[in-house]
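The lines below spell out each chain.
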Amino acid sequence: MRRPILMTKRGGVLCCALMFLTGFSFSGAGPVAKTHRVEIRQMKFNPSHLSVKPGDTVVFINLDMVTHDVTEATGQSWKSPPLPAKSSWKKVARTSATYYCSFHPVMKGAITVK
Ligand SMILES: [Cu+2]
């Protein structure tokens, strides 16, 4: 297997890529922004309510067989592209929001930023 570009310093590109893939943070200490996972499975956002700090990243991972998206609920102020099965999308959380899936509007979730 090809070797990935090795990380030469903390917080490098590889670190971000790994965080994205695994949902884990490799940062050691300090007030570093966290990455949170929201899994989309069985037509639900899980967890449906998430509490994060400003600047944290939320990664939405579609584990269903059908396409979903993540659409801000009050005015569609942001929206993910369509997320086919096995794909993901991430957003940096700045303000609290409620969201839904525009393909399946019964799918709802909320992010509280505080
Ligand atoms: Cu959906």
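One can find the structure itself at the top, above this paragraph.
Residues numbered from 1 in each chain as written. Predicted model: local features only at pLDDT ≥ 70, side-chain atom pairs only at ≥ 80, totals over all residues.

A. Looking closely at the overall build of the protein chain. Check the secondary structure of the protein chain and you find one helix and eight strands. By residue count, 19% of the 114 residues in the protein chain fall in the buried class. Sequence-distant contacts in the protein chain: of pairs separated by 6 or more residues, those separated by 24 or more amount to 44%. (Helix = DSSP H or I, 4+ residues; strand = E, 2+ residues; numbered from the N terminus. Buried ≥ 20, exposed ≤ 12 C-beta atoms within 10 Å, placed from the backbone. Contact = placed C-beta atoms within 7 Å.)

B. How the structure looks around the sheet that holds strand β3 (residues 49-52). Taken in spatial order, the four strands make up an open sheet running β3-β8-β7-β5, and their pairing is mixed. What marks the edges here is a single partner per strand, and that holds for β3 and β5 (71-72). Pairing analysis gives four bridges linking strand β7 (residues 97-100) to strand β8 (residues 108-113), with the strands arranged antiparallel. Looking at β8, one finds that Tyr99 is bridged to Gly109. (Pairing = 2+ DSSP bridges.)

C. Representation of the sheet that holds strand β1 (residues 35-41) within the structure. Reading across the sheet, the four strands line up as β2-β1-β4-β6 and stay open at both edges, with mixed pairing between neighbours. The two strands at the open ends of the sheet, each matched to only one other strand, are β2 (44-46) and β6 (88-92). Going from strand to strand, the sheet's axes swing by 20° on average, the running direction of each strand aside. (Axes fitted to C-alpha atoms, helices over the stretch in contact; angles between N-to-C directions.)

D. Molecular detail of the environment of Pro105. On the secondary structure map, Pro105 appears in the loop between β7 and β8. With 32 residues separating them in the primary sequence, Pro105 and Ala73 have C-alpha atoms 9.8 Å apart.

E. Structural context of the nonpolar core. Formed by 15 residues in total, the largest nonpolar core has its most connected members in Val38, Ile40, Val58 and Phe60. Within the residue set of this core, elements represented by two or more residues are β1, β4 (57-62) and β7. Top element by residues in this core is β4. It accounts for three residues. Once residues within four sequence positions are removed from consideration, Val38 is found in contact with Phe45, Asn46, Pro47, Leu50, Val58, Phe60 and Gly109. (Core = buried A, V, L, I, M, F, W, Y, C linked by C-beta atoms within 7 Å.)

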